[in-house]
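Chains, contacts and geometry: an overview
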Amino acid sequence: MLEFFLSFLILTGAIFTFIGSLGLVRLKDMYTRLHGPTKATTLGVGSLLIASAIYFSAQGPSISLHEFLITIFLLITAPVSAHLLAKTALHLNLTSLAEKPEKDAIDQGGPDEVDTAEETEKADTTDTAVKPEAAEALQAPDQTKS
Amino acid sequence: MLAISIQIALALVTAAVAMSFWRLLRGPDAPDRILALDTLYINTIAILVLFGIHLGSALFFEAALLIALMGFIGTVALCKYLLRGDIIE
């Protein structure tokens with residue numbers, strides 16, 4: 001029973017690590033590529049380390065706590081490094097798959113009304129994606145909103 | 001059963017290392033390469049933990065902990081260099 005559980009944890013961790021690196025290879029964009037390996041860190045290596053902790057606690061004379069040190073360290077540092085990488089990519093102005101925000105939407109909102117500006121921008125892009133002619137007709141309710 | 005699953009897991013993690021190495025060589029920009037290095041050290045931790053279970057030795061955790069510390073410091077240093085042009089200001 002313990003062996004079955006350990007095998008399940010190990011295979012889960014290995015599959016998540018594999019999928020994380022697959023995302024690193026397959027995804028098109030730096031910002032989307034950032035998404036894959038962070039999940040591989042937390043879920044993949046996390047479950048591998050939990051499996052190792054259970055194994056050495058069952059085998060050895062006492063409870064093994066080294067793994068939780070590594071787990072906690074990885075759980076703390078993974079978001080920090082991902083945030084720094086995203087900041088670097090933004091600083092270097094890397095090409096993104098997402099569309100650039102329109103200048104009008106930013107100018108209308110101002111610094112205090114960022115949320116409403118984003119909402120109108122989203123509405124504008126979806127409208128133009130569906131029907132470019134209907135965008136003008138639909139701008140009146142947007143203006144009343146903001 | 002545990003031995004077989006460890007071997008499958010080692011094969012999967014080795015494939016992951018190969019793929020992140022491909023991204024390290026190919027990556028169009030510098031942040032892609034930093035991300036590939038970050039993924040490489042995390043995959044190395046996974047391989048070390050798997051080897052620790054496979055060989056039944058608890059010696060590998062210190063190595064894994066050191067790799068985690070040094071890898072994080074390396075990622076932060078490279079990002080700071082690209083962000084600010086300097087590491088320690």
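See the structure shown above.
This is a predicted model, so every value here is computed, not measured.

Quick look at the pattern of salt bridges
Under the definition given, this model contains one salt bridge over all chains. Linking D32 of chain B and R33 of chain A is a salt bridge whose minimum nitrogen-to-oxygen distance equals 2.3 Å. Here D32 of chain B, found in helix α2 (residues 30–55), pairs with R33 of chain A, found in helix α2 (residues 30–33), and the two come from separate chains. Of the two residues, D32 of chain B and R33 of chain A, neither departs from the other in class, the shared state being buried.

Notes on the interface of chain A and chain B
Listed as interface residues are 44 residues of chain A and, on the opposing side, 46 residues of chain B. When the two sides are added together, the surface that chain A and chain B hide from each other amounts to roughly 4,100 Å², 82% of it contributed by carbon and sulfur. The interface formed by chain A and chain B contains one salt bridge. At the boundary of chain A with chain B, the tally comes to eight residue pairs in polar contact (both at pLDDT 80 or more).

Digging into the environment of A98 of chain A
Residues and elements named next belong to chain A. Position of A98 among the secondary structure elements: in the loop between α4 (66–91) and α5 (103–109). Exposure remark for A98: the relative accessible area of 54% places this residue in the exposed category. The sequence separation of A98 and Y31 amounts to 67 residues, and the corresponding C-alpha distance is 9.5 Å.

Some details on the packing of α2 of chain B against helix α3 (residues 60–84) of chain B
Residue and element names in this part refer to chain B. Contact geometry of α2 with α3 gives a least axis separation of 9 Å together with a crossing angle of 175°. Here α2 is positioned roughly antiparallel relative to α3, judged by the angle of their axes. Here A30, P31, I34, L37, D38, Y41, T44, I45, L48, F51, G52 and L55 of α2 lie close against α3, whose contacting residues are F60, A63, A64, I67, A68, G71, F72, T75, L78, C79 and L82. When the residues that make up the contact of α2 with α3 are grouped by side-chain class, the tally is 18 nonpolar, four polar and one charged.

Quick word on the packing of aromatic side chains
Scanning all chains against the criterion turns up three aromatic pairs over all chains. When the ring of Y55 of chain A is compared with that of F56 of chain A, the centres are 5.3 Å apart and the planes differ by 85°; the resulting orientation is edge-to-face. Judged by its relative accessible area of 9%, F56 of chain A falls in the buried class. When the centroid spacing of 5.4 Å and the interplanar angle of 85° are considered together, the rings of F56 of chain A and F61 of chain B count as edge-to-face. Of the two residues, F56 of chain A sits in helix α3 (residues 35–59) while F61 of chain B sits in helix α3, which places them in two different chains. Taken together, the aromatic side chains of Y55 and F56 of chain A together with F61 of chain B make up a single cluster linked through ring pairs.

What counts, and where the lines are drawn
Residues numbered from 1 in each chain as written. Chains lettered and ligands numbered in written order. Predicted model: local features only at pLDDT ≥ 70, side-chain atom pairs only at ≥ 80, totals over all residues. Heavy atoms only, no water. Salt bridge = Lys/Arg side-chain N within 4 Å of Asp/Glu carboxyl O. Helix = DSSP H or I, 4+ residues; strand = E, 2+ residues; numbered from the N terminus. Buried < 20%, exposed > 50% of the residue type's maximum accessible area, 1.4 Å probe, protein only. Contact = heavy atoms within 4.5 Å. Buried area = accessible area lost by both parts, 1.4 Å probe. Polar contact = N/O pair within 3.5 Å; in protein donor to acceptor, adjacent residues only side chain to side chain. Axes fitted to C-alpha atoms, helices over the stretch in contact; angles between N-to-C directions. Parallel < 35°, antiparallel > 145°, perpendicular 65-115°, else oblique. Nonpolar A, V, L, I, M, F, W, Y, C, P; charged D, E, K, R; others polar. Phe/Tyr/Trp six-rings, centres within 6.5 Å; stacked < 30°, edge-to-face > 60°.

Scope: geometric values only; no functional claims are made or implied.
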